[in-house]
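# Topology and contacts: notes
Chain by chain, the residues run as shown.
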Amino acid sequence: MENLVLPAPAPVLLPVAGSEALFPVRRIYCVGRNYADHAKEMGGDPQREPPFFFAKPADAAIPSGRRIAFPPATRNLHHEAELVVAIGLAGSDIPATGAERHIWGHAAGNDLTRRDLQDAAKAGRRPWSMAKGFDNSAVIGALHPLSETGPMTSGRIRCHVDGALRQDGDLADMIWPVNEVIAFLSRLVTLAPGDLIMTGTPAGVGPILPGQSCRVSIDGLGAAETAFD
Ligand code: MN
């Protein structure tokens, strides 16, 4: 590639649990309001809404265990504990019944959100991009291959801030389970290896303050931890 006008961007790589292997990140999609109790706390109607999606840049992804600068331009940074699905096989118009073969693996994740910017975006009917897609906004724990965990259709998902329990849900309470999320999303975009899907958060989202640490854990998948300056 001698004709590049700039050095090619470094690939975004995430660790695989129990291995030296790395997962290359291509794109990050996120599901909004995928647990009934969280949809209610955000003022939505969990009965009627089909899943909707937003995105983060690939290089918003950071592995578990980092200390990061407190994000700029917010006075209300929120944690959102989420199951992350890593895509390993390309596809579009994927039927829910055939979605599992497109999954490479799963991880625990934290969809960090500048809630004040999101509230302003909602009020002004503007995009969520700067509320959701900022630097270091997708904390992703070590990836666990599907071959080792099987499908993640249930299991406890929690978030602790400085050791205090903030969110405590179960993957079984998703409005749209992983196979349905893949089916919906693959009708909107062609999924490709390296894509990550953050599948929504249960109730209990709340603030992280400068100097605190935040830990999202899912039974069988370990944790996604971040300390903030
Ligand atoms: Mn979220």
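Structure report, in brief. Once a new chain begins, its residue numbering starts again from 1 and follows that chain's sequence as written. Only residues with pLDDT of at least 70 get local features here, since the model is predicted, and only at 80 or more are side-chain atom pairs given and counted; chain-wide, interface and lining totals rely on the full set of residues. The side-chain values count all of the structure's non-hydrogen atoms but skip hydrogen atoms and water molecules.

### Brief notes about the pattern of salt bridges
- Counted as salt bridges are all cases of a side-chain nitrogen of Lys or Arg within 4 Å of a carboxyl oxygen of Asp or Glu. On inspection of all chains with the given rule, the structure shows 11 salt bridges.
- The partner of Glu49 in a salt bridge is Arg33, and the shortest N-O contact between them spans 3.2 Å. In this pair, Glu49 is assigned in the loop between helix 1 (36–41) and strand 4 (52–56) and Arg33 in the loop between strand 3 (28–32) and helix 1, connecting sequence segments 16 residues apart.
- Classification of Glu49 as partly exposed rests on a relative accessible area of 28%.
- Two residues, Asp111 and Lys132, come together in a salt bridge whose shortest N-O distance is 2.9 Å. Pair noted here: Asp111 is in strand 9 (residues 103–111) and Lys132 is in helix 3 (residues 129–132), with a separation of 21 residues, a long-range link.
- On the basis of relative accessible area, Asp111 is assigned to the buried category, the value being 0%.
- Where salt bridges share partners, they join Lys56, Glu80, Asp111, Arg115 and Lys132 into one cluster. Strands are runs of DSSP state E lasting at least 2 residues, helices are runs of H or I lasting at least 4, and numbering of each runs from the N terminus. When a residue's accessible area, from a 1.4 Å probe over protein chains only, is under 20% of the maximum for its type it is buried; when over 50% it is exposed; and in between it is partly exposed.

### Brief notes about helix 2 (residues 115–123)
- Within the sequence span of helix 2, burial applies to Arg115, Gln118 and Ala121. For helix 2, the angular spread of buried residues about the axis comes to 120°, placing them on one side.
- Note on contacts: a residue pair is in contact if any heavy atoms of the two residues lie within 4.5 Å. In this structure, the buried side of helix 2 is in contact with strand 7 (77–79), strand 10 (113–114) and helix 3.
- Two residues or fewer after helix 2 comes Arg125, characterised by a positive phi angle close to 50°. Arc definition: directions from the helix axis to the C-beta atoms.

### Looking at the side chain of Thr74
- Note on placement: Thr74 falls in the loop between strand 6 (66–68) and strand 7.
- Looking at Thr74, the relative accessible area reads 12%, which means it is buried.
- In the analysis that follows, any N or O atom pair within 3.5 Å is treated as a polar contact, provided that within protein one partner can donate a hydrogen and the other can accept it, and provided that, for residues neighboring in sequence, both atoms belong to side chains. Here Asn76 takes part through its backbone nitrogen, which lies 3.0 Å from a polar atom of the side chain of Thr74.
- Within polar-contact distance, the side chain of Thr74 engages the side chain of Asp116 at 2.7 Å.
- The residues contacting Thr74, other than those within four sequence positions of it, are Arg114 and Asp116.

### Comments concerning the coordination of the manganese ion
- Coordination of the manganese ion by the protein involves Glu80 (OE), Glu82 (OE) and Asp111 (OD), with metal-donor separations of 2.0 to 2.1 Å.
- All donors of the manganese ion come from a single chain, and their spacing in sequence reads E-x1-E-x28-D. Of this pair, Glu80 sits in the loop between strand 7 and strand 8 (81–87) while Asp111 is found in strand 9, placing the two residues 31 residues apart along the sequence.
- The class for Glu80 is buried, based on a relative accessible area of 4%. Water is not part of the atom set, so a site may look incomplete; the donors themselves are N, O and S atoms within 2.8 Å of the metal, or 3.2 Å for Na, K and Ca.

### Let's talk about empty space enclosed by the protein
- Definitions used throughout: a 1 Å grid over protein atoms alone; a cavity as a set of points that fits a 1.4 Å probe which cannot get out; a pocket as an open set with protein on both sides within 12 Å along at least five of seven lines; a lining residue as one with an atom within 4 Å of a point. Grid points are joined across faces, edges and corners, and a volume is the space filled by probe spheres set on the points. In this structure the tally under the stated criterion is 2 cavities of 30 Å³ or more.
- Approximately 110 Å³ is the volume found for the largest cavity.
- Of all the elements in the fold, those that place two or more residues in the lining of the largest cavity are strand 3, strand 4 and helix 2.
- Of the residues forming the lining of the largest cavity, the biggest block, 3 residues, is contributed by helix 2.
- Three residue categories are used. Nonpolar comprises Ala, Val, Leu, Ile, Met, Phe, Trp, Tyr, Cys and Pro, charged comprises Asp, Glu, Lys and Arg, and polar comprises the others, including Gly. When its residues are assigned to classes, the lining of the largest cavity shows 5 nonpolar, 5 polar and 7 charged.
- The volume enclosed by the second largest cavity comes to roughly 50 Å³.
- Residue classes in the lining of the second largest cavity are distributed as 7 nonpolar, 1 polar and 3 charged.

### Focus on the pairing of strand 14 (residues 164–170)
- Inspection of the sheet shows strand 13 (residues 156–161) paired to strand 14 by 6 bridges, in the antiparallel sense. By the bridge assignment, Arg158 is partnered in strand 14 with Asp168.
- Strand pairing is defined by DSSP finding a minimum of two bridges between the two strands. Where strand 13 folds back on strand 14, the antiparallel hairpin that results is connected by 2 residues, among which Asp162 adopts a positive phi of roughly 50°.

Function cannot be inferred from these measures alone, as they are strictly geometric.
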